[in-house]
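Structure at a glance
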Amino acid sequence: MEALAPGRALRGRRRTRAAGSPVSRAAVLLFLSAFLVRVPASVGYLVRLPRGFRLTKDSVKIVGSTDFPVKVYVMLHQKSPHVLCITQQLRNAELIDPSFQWHGPKGKVVSENSTTQITSTGSLVFQNFQERMSGIYTCFLEYKPTVEETVKRLYLKYLIYAYREPHYYYQFTARYHAAPCNSIYNISFEKKLLQILSKLVLDLSCEISLLKSECHHVKMQKAGLQNELFFTFSVAQEHLLKRLFFSRLNCLGTLIEVSSLDTEKGPKPCTDHNCESSRRLAKAKNLIERFFNQQVEVLGRRAEPLPAIYYIEGTLQMVWINRCFPGYGMNDLQHPKCPECCVICSPGSYNPRDGIHCLRCNSSLVYGAKVCS
């Protein structure tokens, strides 16, 4: 390890070059000339949690069972699959004079509005599924197997749930050698870093919000105590709202959230996982990684002493994270057919914030509860 002047080692001076990087060299140099400091070594890592998936397609048809209720998952504000008032055994059978009657959470279901339809063959279809439509649905089927036989009756039960895609976002952490923890220069540095990162992702319709900052004393081998700023920032998709986080800026570390400026109410359907918001998120991630890599390059070429605040090479880490909207949660035991969906919380549970799971609440009597009352 190379010894440093006041006792700090430059961790792994790599001179990797990001070819064709869109990050302005001038911006990096300006940033580093204002603040920079020397680098302790640390190893970064990358963790990606599984992405969500969509179950609902117009072509999907779901049949019932006389043995158990069938669970159906419908994406919020989207068209549902066709829920058939029939079992798999009877699906291809000939039925004489069939009649169908559906009942839902608010009583008998009729095709008198644009959001709910019952087809001529008894299928239940929702055109624009709402949270309030979640619940227990039952179908009564009467039919004759043949003209000569008596009428047979069938009772089928469905549990229909609204679900939403999780909030996907990247969470980064990085460390900087810092001025003394009570120094005003650290606060100025955080503001400068926020300005540069905000400009970096501006063309991608993303927004960066500084939320948390931590400064710690770190004892290094043969280098004594060093001051380090611990930064954490999140690069979020358009559905991750600022209310999911609390703003905090003090002498102890930095949390930054990056979210898209597209705040149109309700989720937009993605035809696949390469939808536009995901592409913007991936581009923002790449720009941020290149920005930190270029700080290492600039430091490696400096002939003069290092500045007071500088990025510590190898400390940039990234985690892929899922979160659910309030009133929704993931539960692979209760919903094994939709384990990575944020499914609406059933009665007896609630989710007040951006958690992953619905919490138990015996007094909650509605679907999608956000408070326990």
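As annotated in an unreviewed UniProt entry, the chain carries the name Zona pellucida binding protein and comes from Callithrix jacchus.

A word on the state of the cysteines
By the definition in use, this model includes six disulfides. In this model, Cys345 is linked to Cys358 through a disulfide, with the two sulfur atoms separated by 2.0 Å. Judged by the torsion about the S-S bond (-85°), the Cys345/Cys358 disulfide is left-handed. Separated by 13 residues along the polypeptide, Cys345 in the loop between β18 (342–344) and β19 (349–350) and Cys358 in the loop between β19 and β20 (359–360) bring together distant segments of the chain. Classification of Cys358 as partly exposed rests on a relative accessible area of 26%.

Looking at the nonpolar core
Ranked by size, the top nonpolar core spans 41 residues in total, and within it Trp102, Leu124, Tyr137, Tyr158, Ile160 and Tyr328 carry the most contacts. Elements with a minimum of two residues in this core: β2 (61–64), β3 (70–75), β4 (82–87), β8 (124–126), β9 (135–144), β10 (152–164) and β18. For this core, the element with the most residues is β10, which contributes eight residues. With near-sequence residues (within four places) excluded, Tyr328 lies in contact with Leu76, Glu131, Ala162, Tyr163, Arg164, Cys342, Val343, Ile344, Cys345, Asn351 and Cys358. Core analysis: the next-biggest nonpolar cluster, separate from the first, contains 33 residues, Cys206, Ala284, Leu287 and Trp320 among them.

Section: the side chain of Asn351
By the element assignment, Asn351 lies in the loop between β19 and β20. Classification of Asn351 as buried rests on a relative accessible area of 2%. There is a polar contact of 2.6 Å between the side chain of Asn351 and the backbone oxygen of Tyr328.

Let's talk about helix α2 (residues 184–200)
An ideal rise of 1.5 Å per residue puts 24 Å on 17 residues; α2 measures up with 25 Å between its terminal C-alpha atoms. Residues of α2 that are buried: Asn186, Phe189, Glu190, Leu193, Ile196, Leu197 and Leu200. Viewed end-on, α2 has its buried residues packed into an arc of 135°, placing them on one side of the element. Among the exposed residues of α2, those pointing more than 90 degrees away from its buried face are Ile184, Lys191 and Lys199.

Some details on the pairing of strand β16 (residues 317–323)
Extensive coverage of β16 is indicated by the burial of five of its seven residues. In terms of strand pairing, strand β11 (residues 167–177) meets β16 through seven bridges, oriented antiparallel. Its bridge partner lying in β16, Gln171 is registered against Val319.

A word on the packing of aromatic side chains
Aromatic ring pairs: the centre-centre distance and the angle between the two ring planes describe each pair. A full pass over the atoms with the stated rule returns 16 aromatic pairs. Centre to centre, the rings of Tyr170 and Trp320 are 4.5 Å apart; their planes meet at 65°, and the pair counts as edge-to-face. Taken together, the residues Tyr170 in strand β11 and Trp320 in strand β16 connect sequence positions 150 residues apart. For the pair formed by Tyr170 and Trp320, the shared burial category is buried. When the ring of Tyr176 is compared with that of Phe231, the centres are 5.1 Å apart and the planes differ by 55°; the resulting orientation is tilted. With a gap of 55 residues between them, Tyr176 in strand β11 and Phe231 in strand β13 (residues 224–236) connect regions that are remote in the sequence. Here a set of aromatic residues connected by ring pairs shows up, and it is made of Phe172, Tyr176, Phe189, Phe231, Phe233, Phe291, Phe292 and Tyr311. In this structure, Arg164 is placed above the aromatic ring of Phe325, and the distance from its NZ or CZ to the ring centre is 3.7 Å.

Reading the values: rules and limits
Residues numbered from 1 in each chain as written. Predicted model: local features only at pLDDT ≥ 70, side-chain atom pairs only at ≥ 80, totals over all residues. Heavy atoms only, no water. Disulfide = S-S within 2.5 Å. Helix = DSSP H or I, 4+ residues; strand = E, 2+ residues; numbered from the N terminus. Buried < 20%, exposed > 50% of the residue type's maximum accessible area, 1.4 Å probe, protein only. Core = buried A, V, L, I, M, F, W, Y, C linked by side-chain atoms within 4.5 Å. Contact = heavy atoms within 4.5 Å. Polar contact = N/O pair within 3.5 Å; in protein donor to acceptor, adjacent residues only side chain to side chain. Expected span 1.5 Å × (residues − 1). Arc of directions from axis to C-beta. Pairing = 2+ DSSP bridges. Phe/Tyr/Trp six-rings, centres within 6.5 Å; stacked < 30°, edge-to-face > 60°. Lys NZ or Arg CZ within 6 Å of the ring centre and 35° of its normal.

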